[in-house]
Protein chains: 4
Amino acid sequence: MDIAMIGLGRMGANMAQRLHRGGHRVVGYDPGEGARQRAAEAGLEVVDSLAAAVSALPVPRVVWLMVPAGETVDQTLGQLTPHLAEGDVVIDGGNSNYQDSIRRAKALAEDDLGYVDCGTSGGVWGLQEGYSLMVGGDAAVVEQIAPLLRTLAPAEDRGWARVGPSGAGHFTKMVHNGIEYGMMQAYAEGFALMERKQEMELDLAQVAEVWRHGSVVRSWLLDLSTEALKRNPSLDGIAPYVEDSGEGRWTVAEAIALDVPAPVITLSLLERLRSRESNSFTDRLLSAMRNEFGGHAIKKS
Amino acid sequence: MDIAMIGLGRMGANMAQRLHRGGHRVVGYDPGEGARQRAAEAGLEVVDSLAAAVSALPVPRVVWLMVPAGETVDQTLGQLTPHLAEGDVVIDGGNSNYQDSIRRAKALAEDDLGYVDCGTSGGVWGLQEGYSLMVGGDAAVVEQIAPLLRTLAPAEDRGWARVGPSGAGHFTKMVHNGIEYGMMQAYAEGFALMERKQEMELDLAQVAEVWRHGSVVRSWLLDLSTEALKRNPSLDGIAPYVEDSGEGRWTVAEAIALDVPAPVITLSLLERLRSRESNSFTDRLLSAMRNEFGGHAIKKS
Amino acid sequence: MDIAMIGLGRMGANMAQRLHRGGHRVVGYDPGEGARQRAAEAGLEVVDSLAAAVSALPVPRVVWLMVPAGETVDQTLGQLTPHLAEGDVVIDGGNSNYQDSIRRAKALAEDDLGYVDCGTSGGVWGLQEGYSLMVGGDAAVVEQIAPLLRTLAPAEDRGWARVGPSGAGHFTKMVHNGIEYGMMQAYAEGFALMERKQEMELDLAQVAEVWRHGSVVRSWLLDLSTEALKRNPSLDGIAPYVEDSGEGRWTVAEAIALDVPAPVITLSLLERLRSRESNSFTDRLLSAMRNEFGGHAIKKS
Amino acid sequence: MDIAMIGLGRMGANMAQRLHRGGHRVVGYDPGEGARQRAAEAGLEVVDSLAAAVSALPVPRVVWLMVPAGETVDQTLGQLTPHLAEGDVVIDGGNSNYQDSIRRAKALAEDDLGYVDCGTSGGVWGLQEGYSLMVGGDAAVVEQIAPLLRTLAPAEDRGWARVGPSGAGHFTKMVHNGIEYGMMQAYAEGFALMERKQEMELDLAQVAEVWRHGSVVRSWLLDLSTEALKRNPSLDGIAPYVEDSGEGRWTVAEAIALDVPAPVITLSLLERLRSRESNSFTDRLLSAMRNEFGGHAIKKS
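Residues numbered from 1 in each chain as written. Chains lettered and ligands numbered in written order. Predicted model: local features only at pLDDT ≥ 70, side-chain atom pairs only at ≥ 80, totals over all residues. Heavy atoms only, no water.

Some remarks on the UniProt feature "domain: 6-phosphogluconate dehydrogenase C-terminal" (unreviewed entry) in chain A
Okay, so step 1: If you check UniProt for "domain: 6-phosphogluconate dehydrogenase C-terminal" (unreviewed entry), the listed places come out as residues 169-297 of chain A in our numbering.
Okay, so step 2: The distance from the first to the last C-alpha atom of residues 169-297 of chain A is 54 Å, and the span holds 67% helix and 0% strand. (UniProt positions renumbered as here; feature names shortened; annotations may be inferred. Helix = DSSP H or I, 4+ residues; strand = E, 2+ residues; numbered from the N terminus.)

Written as structure tokens, this is what we have:
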């Protein structure tokens with residue numbers, strides 16, 4: 001198929017490459033000149049405007065957005081849709097909020113444009129191993145872009161599916177990331193406990209390697225952790241500072257909105273917030289209270 | 001009544017003083033010379049050995065231990081009991097583990113010595129305001145020492161009770177402290193949230209003061225927090241470092257042993273542990289994992 | 001002062017009564033005939049329309065809303081404001097979301113109407129004991145209604161304050177309720193642990209009563225718990241089902257939005273959601289997984 | 001090699017079978033006649049006493065225990081060791097507490113008997129796929145039994161290792177299970193959230209299947225969950241009741257003892273306790289408190 005890939009950052013460039021290798025014609029565009037240049041050097045067909053990307057495609061056109069979630073998607077759609085015509089399809093493969101995706105699909109449908117929300121997992125390994133793709137949208141439109149999904153997925157018929165109507169792809173990806181937070185936190189707590197148990201003289205990478213084969217906790221995240229621990233067993237030089245990119249917050253909000261208690265996913269998010277506190281007011285007040293009622297010494301900052 | 005107070009630290013000295021002021025004769029002893037001297041200067045009758053404390057009392061003797069929980073209690077009992085005789089009574093007013101108290105009561109009972117476990121709450125304010133006393137042990141023995149309990153409590157017949165058999169006093173105090181952790185954490189989180197909401201320009205001490213009168217969250221801990229926030233509104237100079245003294249751990253262990261889910265008390269303890277982590281391995285591994293799968297930048301330490 | 005009280009439910013009727021007893025003239029209105037009748041029987045001056053309530057007041061008029069948070073407030077304002085004129089003041093004493101209050105204050109300011117958000121705590125006890133009032137809004141407007149606040153509060157100058165600009169009153173009340181959830185959960189967990197420890201034969205009301213005097217955990221919520229446990233020691237006939245009324249959810253969302261980890265308040269909310277789950281999918285999937293990997297028996301539903 | 005397998009339950013019988021198929025001579029014993037009979041029918045060499053098992057082996061003898069953790073291990077060792085002689089080796093492959101394993105290794109060392117603690121993961125799938133084996137003990141003794149470990153593990157040199165001194169095997173397995181709880185809970189919460197979101201019409205097994213290929217959350221537990229959801233999409237007939245088998249409790253206790261905050265592992269355990277509460281006193285007291293201060297209706301049980 002012919003496709004335009006809008007956004008050639010880490011994820012977009014890799015996906016464009018995988019599609020290209022899979023025999024599709026990919027026209028790439030990114031507002032950043034550096035990103036365009038790197039993509040061109042990697043052998044992709046690159047243009048220097050959204051309009052050029054669209055006009056390079058045969059109708060009906062298929063445009064894949066791989067841009068930062070939020071306002072950038074709306075801005076890109078605002079610039080893109082005037083160049084599109086009835087029957088064209090836009091796919092949002094980023095980490096958009098599913099409610100935005102439902103809204104956008106409705107708006108584009110008014111101009112007879114197809115809109116597909118595609119939750120994409122796989123990170124930097126997707127180029128080689130393929131991406132896990134959760135797709136939401138009209139069934140006929142999803143069928144139309146199926147050749148692209150087959151190429152991006154790890155295997156033709158595995159690792160992708162239309163999971164439901166508009167929004168279902170990003171909803172599912174949001175939950176995926178919530179689960180990811182919980183799993184990561186569970187591993188990290190366990191390894192931290194082993195690290196602290198010094199008399200056992202455990203080699204954490206060795207334990208992780210044993211677990212990779214036959215254990216109940218084997219997983220891809222464990223594979224990656226094993227690599228990280230082999231390269232840097234004591235995790236020197238890494239600050240205890242954990243970012244979050246939004247999907248975890250949405251998962252927590254959604255769970256509460258639906259009255260679903262999700263304590264582990266929620267705590268995993270809160271632990272990340274906690275990792276970024278440098279002078280917690282909560283803890284200072286606790287220390288002050290202990291001093292107040294018990295005369296317990298306060299540690300001076 | 002006549003009583004020996006063994007242990008003249010912050011708590012023991014105050015309790016001895018309150019008993020003294022209440023008309024009891026208190027013979028004080030502490031292994032530390034400084035503590036003995038301070039107690040003597042405060043007007044207490046002080047002796048310089050356990051044996052002297054015991055021999056200064058009429059039979060049946062009543063000895064109140066206010067020493068650090070754990071081995072010190074066993075050591076003190078080991079030195080004390082040879083000087084005691086049938087019918088004498090020992091009271092442990094410290095924060096002992098209730099299981100130790102059950103064991104000790106049994107051991108002393110074999111020598112016909114009474115043993116009472118008394119959970120004591122009130123902190124440094126107890127001298128003025130009286131102590132809340134949760135008493136475990138044989139009903140007749142508790143009756144025998146009731147005059148002391150009436151003096152130590154905030155009011156003759158309020159703030160103390162025999163709550164059950166041996167161990168019940170310290171069990172109840174343990175749970176009290178678990179609840180205390182949860183309440184403190186709830187307040188601290190709430191004030192931290194208000195502190196962060198800078199556009200509201202809240203004066204935390206003012207809010208606390210409003211809440212002290214008529215609100216659902218009014219409490220003594222709130223009174224103390226109000227004082228702390230009035231004196232030091234931004235809690236300057238206080239490190240975000242929160243100690244724990246053991247009873248919270250026991251509460252968590254007991255709850256799990258009895259299959260009672262106590263998530264808030266438990267989390268309150270874990271948050272204190274967290275406050276003392278300076279370079280969390282958990283968080284470093286989380287950061288390493290994110291880099292591993294997503295190429296997300298690691299913050300360097 | 002003269003004031004109209006709009007909303008004569010449990011809270012509104014009591015507040016109207018307290019104002020009336022305090023020497024103010026209160027004109028009451030409620031859309032429900034039953035509520036109006038009960039208020040009239042209680043000796044209040046009751047009218048049968050918003051318009052009548054407004055026209056019964058001297059200018060500048062002061063109208064206190066005590067209606068359900070959310071749409072009802074907007075609807076009431078929509079019906080009310082056409083009858084108001086420059087300089088009149090509306091107070092929202094309910095549990096509105098602080099963001100709504102900021103929006104409403106702005107909207108009313110365009111018509112030169114004053115708007116005060118007043119977080120009100122005290123529940124059914126406020127009539128006798130007075131209410132804790134956290135007030136947000138323009139300082140001059142708050143000064144104008146101060147006589148009402150002095151009457152509603154537990155003491156003239158205690159238990160109320162203008163804590164900040166528009167929204168600050170409801171923001172503060174929101175946090176108050178978040179703290180309330182955490183405190184309640186801490187107590188409830190502790191009492192549940194004591195209830196389970198059957199060999200101690202604890203009388204929970206007795207323990208609570210001891211704690212009320214001199215202990216670190218003494219509070220108004222403990223006073224109320226003591227009463228509840230005295231009347232019904234085993235809490236017979238009460239379902240393990242805990243409602244929540246919204247402020248807890250807002251507190252959790254706000255804490256996450258501000259990157260303030262508030263695990264205990266958050267967990268307290270999630271525990272309430274959990275109490276209302278009758279056939280948790282989470283738990284059923286956990287049971288299914290255990291069977292899947294370990295052959296562990298599944299309990300049949 | 002020649003080996004006696006003591007305990008022919010689900011795990012022991014499978015491990016005996018895998019060793020047998022791998023070319024080792026396995027003499028099996030179980031105190032239960034049914035278990036012995038099933039093992040004999042499955043082609044194993046079965047004897048009817050511990051003494052017979054031992055005497056069937058050449059020296060130095062190797063005996064593998066696969067019996068319930070706790071007292072049964074001590075009882076079995078008490079009956080077994082009189083039949084053993086210097087140089088013989090006992091392996092505990094069950095889920096023993098690592099502190100017991102350290103104690104037992106010391107006790108057996110006094111009689112010059114080797115003792116190896118082997119954490120075993122893999123569940124009912126181990127027969128086919130091999131077991132993940134975390135081994136603690138003297139390096140020379142572990143080397144001696146390496147042929148068995150190579151056969152039990154998924155691949156000769158993968159999925160097993162001597163991870164440290166006595167106790168390290170069971171310590172590591174304990175942490176493994178703690179992580180397992182956290183991962184399971186994270187998945188279960190995520191699927192529960194998707195199940196509740198009815199307007200998305202998600203097919204949970206389909207989503208799980210997509211995630212199995214290329215996603216960040218792919219894992220063996222996800223493979224198993226997918227199977228469970230395919231067979232029984234709405235998990236009908238499964239009670240929301242989740243057992244725990246002890247290692248999670250030990251992990252929580254160990255983490256607290258070492259001052260390592262492990263909130264997600266801890267909460268995962270507490271959620272299991274919660275799943276087994278049928279009439280939570282905590283929740284009933286919360287409901288009673290709400291009624292007490294706010295007049296909120298209590299749901300009758």
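Topic: the relation of the copies chain A and chain D
Okay, so step 1: When chain A is fitted to chain D, the best match, at an RMSD of 0.1 Å, comes from turning it 180° and sliding it 0.0 Å along the axis. Read as a symmetry element, the transformation amounts to a two-fold axis. Identified as the residue of chain A closest to the rotation axis by C-alpha distance is S219 of chain A, at 1.9 Å.
Okay, so step 2: A share of 99% of interface residues in chain A that are also interface residues in chain D marks the association as one of identical surfaces. (Least-squares fit on C-alpha atoms with pLDDT ≥ 70 in both. Contact = heavy atoms within 4.5 Å.)

A short note on the interface of chain A and chain D
Okay, so step 1: In this complex, chain A contributes 71 residues to the contact, which on the side of chain D involves 70 residues.
Okay, so step 2: Three residues stand out in chain A for area buried against chain D, namely L193, M200 and V216 of chain A, and they jointly supply 12% of the buried area on that side.
Okay, so step 3: Joining chain A to chain D, the criterion identifies four salt bridges.
Okay, so step 4: Of the charged contacts, one joins E254 of chain A and K197 of chain D as a salt bridge, the two residues approaching to 2.7 Å between their closest N and O atoms.
Okay, so step 5: Run the count over chain A and chain D and you get 24 residue pairs in polar contact (both at pLDDT 80 or more).
Okay, so step 6: Contributions of two or more residues to the side of chain A that touches chain D are made by α5 (98-109), β7 (132-136), β8 (160-164), α9 (168-196), α10 (204-211), α11 (220-231), α12 (247-257) and α13 (263-275) of chain A. (Buried area = accessible area lost by both parts, 1.4 Å probe. Salt bridge = Lys/Arg side-chain N within 4 Å of Asp/Glu carboxyl O. Polar contact = N/O pair within 3.5 Å; in protein donor to acceptor, adjacent residues only side chain to side chain.)

Section: the sheet that holds β7 of chain A
All names here are of chain A.
Okay, so step 1: One open sheet accounts for eight strands, arranged β3-β2-β1-β4-β5-β6-β7-β8; its pairing is mixed. The outermost strands of the open sheet, each flanked by one partner alone, are β3 (45-46) and β8.
Okay, so step 2: Sheet topology places strand β4 (residues 62-65) next to strand β5 (residues 89-92); four bridges connect them, and they run parallel. Its bridge partner being in β5, W64 is matched across the sheet by I91.
Okay, so step 3: On the sheet, helix α1 (residues 10-21) packs against β1 (2-6), β2 (25-29), β4 and β6 (114-121) and is oriented at approximately 165° with respect to β1.
Okay, so step 4: Contacts from helix α4 (residues 71-80) reach β1, β4, β5 and β6, with the element oriented near 155° to β4. (Pairing = 2+ DSSP bridges. Axes fitted to C-alpha atoms, helices over the stretch in contact; angles between N-to-C directions.)

Side note on the interface of chain C and chain B
Okay, so step 1: Taken residue by residue, the interface counts 71 residues in chain C and 71 residues in chain B.
Okay, so step 2: Of the roughly 5800 Å² buried between chain C and chain B on both sides combined, carbon and sulfur atoms contribute 73%.
Okay, so step 3: Among the residues of chain C in contact with chain B, L193, M200 and V216 of chain C are the three that bury the most area, contributing 12% of the side total.
Okay, so step 4: Counting every contact that joins chain C to chain B gives four salt bridges.
Okay, so step 5: Where the side of chain C that touches chain B is concerned, the elements lending two or more residues are α5 (98-109), β7 (132-136), β8 (160-164), α9 (168-196), α10 (204-211), α11 (220-231), α12 (247-257) and α13 (263-275) of chain C.
Okay, so step 6: For the side of chain C that touches chain B, the element with the most residues is α9 of chain C, which contributes 18 residues.

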